[in-house]
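Architecture and fold: a report
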Amino acid sequence: MEIKKTLRSFWKEFIYGGHLLAIGAASIVFSTSFLLNLKITWDSLFVAYLMFYPLYLYNRYKEIEIDYLTNPKRTEYLKTYIHQAPIIISILILTLIVSFIYFSNIWALIFGALLVLFGLLYSTIFKKYTKKIPFFKNFYVSSFFASLVFFFVIYYSYPLKTLIIPVLLFSIFVYSKAFMMQILLDLKDLESDEKEELLTFPSIFRRKKTFNYLKIISVITTASIPLIFSVYFNIFPKSILLLLLTIPFNFYCFKKTKEHNYFGYILASGEFVLWSFLLLIGEFIL
């Protein structure tokens, strides 16, 4: 009974605490190294996770009351320790700085520091721009995920000049997929976003049109770069073609969220984690 209770608490923390999305950030770094055929070590994955996890924790800390409207279960769980969030975030950032100093270089430290800084500033400064600029939240958050492709190159001091084309292409792919993910996750927060008068995709187009647009976006963004730049231009290895399987994965997430099933949002949050497994499988079968 005690083990079951512990596992349940672990699962709640994993899902509600933002760890799944933070691990997704690490998976993007791994996917970048895989597709560029460049060496990677465990520390870059750890650092990527450390850059993103405090951002999600801080966002939940700042919006704990507003979040209750659309995420009551998550809010109830987080309230058990959210008052300790500033201390946890401080420890995480300190660990991140030490990790950069020990494992990488000054440019990676500056890059990571700016990413964390602008991530923390979203809830306090930049979020208000979503009231004036449509989809600002989607553009803003997606850019953080796309920046991880460049982060990988900077972290290991690989020559960006010789890698610029595949790096740009894959960052565009990550950006487009992250943009789509944020639209879907915004459906979960539709009621609270409307209360705050945020111009997110769902608040403008409503639920039905949002799902229709998501299906179109999923097919176009997922198929374009893998097919064109792997099959035709041979820039990426053929293993990237397995990412086409995220199309039916996306459609399943759409179906579950359309049914107001919270599990659909959880699955959608884990798409980037799925990439690493698909690429590894693709290496063996393609």
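For clarity, every value in this text was computed on a predicted model and none was experimentally measured. (Residues numbered from 1 in each chain as written. Predicted model: local features only at pLDDT ≥ 70, side-chain atom pairs only at ≥ 80, totals over all residues. Heavy atoms only, no water.)

Concerning the packing of aromatic side chains
What counts here: When the centres of two rings from Phe, Tyr and Trp lie within 6.5 Å, Trp using its six-membered ring, the rings pair. Their planes under 30 degrees apart give stacked, over 60 give edge-to-face, and anything left gives tilted. The secondary structure listing takes helices from DSSP runs of H or I that are at least 4 residues long and strands from runs of E that are at least 2 residues long, numbered from the N terminus. Note on exposure labels: buried denotes an accessible area under 20% of the residue type's maximum, exposed denotes more than 50%, and partly exposed covers the range between, all computed with a 1.4 Å probe on protein chains only. Two conditions define a charge sitting above a ring: the NZ of Lys or the CZ of Arg must be within 6 Å of the ring centre, and it must be within 35 degrees of the ring normal.
On inspection of all chains with the given rule, the structure shows 43 aromatic pairs. Where Trp-42 meets Phe-103, the ring centres are 5.3 Å apart and the plane angle is 80°; that geometry is what we call edge-to-face. With Trp-42 in helix H3 (residues 42-62) and Phe-103 in helix H6 (residues 85-103), this pair connects stretches of sequence that are 61 residues apart. Of the residues examined, Trp-42 reaches a relative accessible area of 56% and is grouped as exposed. Pairwise contacts between aromatic rings join Phe-52, Phe-145, Phe-170, Phe-173, Phe-236, Phe-272 and Trp-275 into one cluster. It is Lys-128 that lies over the ring of Tyr-129; its NZ or CZ is 5.9 Å from the centre.

Focus on the side chain of Thr-257
Rule in force here: Only heavy atoms matter for contacts: two residues are in contact if any of them lie within 4.5 Å across the pair.
Looking at the element boundaries, Thr-257 is found in helix H12 (residues 246-258). Given a relative accessible area of 0%, Thr-257 falls into the buried group. Contacts of Thr-257, omitting those with residues within four sequence positions, involve Leu-184, Arg-207, Phe-211, Gly-264 and Tyr-265.

Section: the side chain of Asn-71
The following threshold applies: In protein, a polar contact means a hydrogen-donor-capable atom and an acceptor-capable atom, both N or O and within 3.5 Å, with residues adjacent in sequence counting only if both atoms are side-chain atoms; elsewhere, any N or O pair within 3.5 Å suffices.
Turning to its location among the elements, Asn-71 is positioned in the loop between helix H4 (64-67) and helix H5 (72-78). Polar contacts involving the side chain of Asn-71 include one to the side chain of Asp-189, which spans 3.0 Å. If we skip the residues at most four places from it in the chain, Asn-71 touches Lys-188, Asp-189 and Tyr-262.

Structural notes on unusual backbone geometry
Of note in this structure, Ser-157 is not a glycine but carries a positive phi near 55°. For Ser-157, a relative accessible area of 53% corresponds to the exposed category. Phi at Glu-197 is positive, roughly 60°, even though this residue is not glycine. Mapped onto the elements of the fold, Glu-197 is located in the loop between helix H10 (190-195) and helix H11 (201-232). Assessed through its relative accessible area of 57%, Glu-197 is described here as exposed.

Quick look at helix H9 (residues 160-188)
Let me state the cut-off plainly: Bend at a residue means the angle formed by two fitted axes: the first through the 7 residues ending at that position, the second through the 7 residues beginning there.
The axis of H9 is deflected most strongly, by about 40°, at Pro-166. Burial analysis of H9 places 21 of its 29 residues in the buried class, which makes it a mostly covered element.

Structural notes on the pattern of salt bridges
Charged atoms that come close allow side chains of opposite charge to pair. For clarity, the cut-off: Whenever a carboxyl oxygen of Asp or Glu lies within 4 Å of a side-chain nitrogen of Lys or Arg, that contact is scored as a salt bridge.
Here the structure, examined in full by the defined rule, presents 9 salt bridges. The residue Lys-127 makes a salt bridge to Glu-196 at a minimum N-O spacing of 3.2 Å. Placement of Lys-127 in the loop between helix H7 (106-124) and helix H8 (136-155) and of Glu-196 in the loop between H10 and H11 is noted, with a sequence separation of 69 residues between them. Taken as a pair, Lys-127 and Glu-196 share a single burial class, namely buried. Measuring nitrogen to oxygen at the nearest pair gives 3.7 Å for the salt bridge that ties Glu-259 to Lys-256. Taken together, the shared-partner salt bridges connect Glu-63, Lys-127 and Glu-196 into one network.

Some remarks on a nonpolar patch on the surface
The cut-off we apply is this: For patch building, the residue pool is restricted to those with more than 30% relative accessible area and no salt bridge; the joining distance is 9 Å between like charges and 5 Å between nonpolar side chains (Val, Leu, Ile, Met, Phe, Trp, Tyr). Only the protein chains shown count as covering a residue, and every accessible area follows the Shrake-Rupley method with a 1.4 Å probe.
The grouping of Leu-160, Ile-164, Ile-165, Leu-168, Leu-227, Ile-228, Val-231, Tyr-232, Phe-233 and Ile-235 at the surface amounts to a nonpolar patch, some 900 Å² of accessible area in total. Residue assignment for the nonpolar patch shows that the elements contributing at least two residues are H9 and H11. For Leu-160, the position within the fold is in helix H9. On the accessibility criterion, Leu-160 (32% relative accessible area) is partly exposed.

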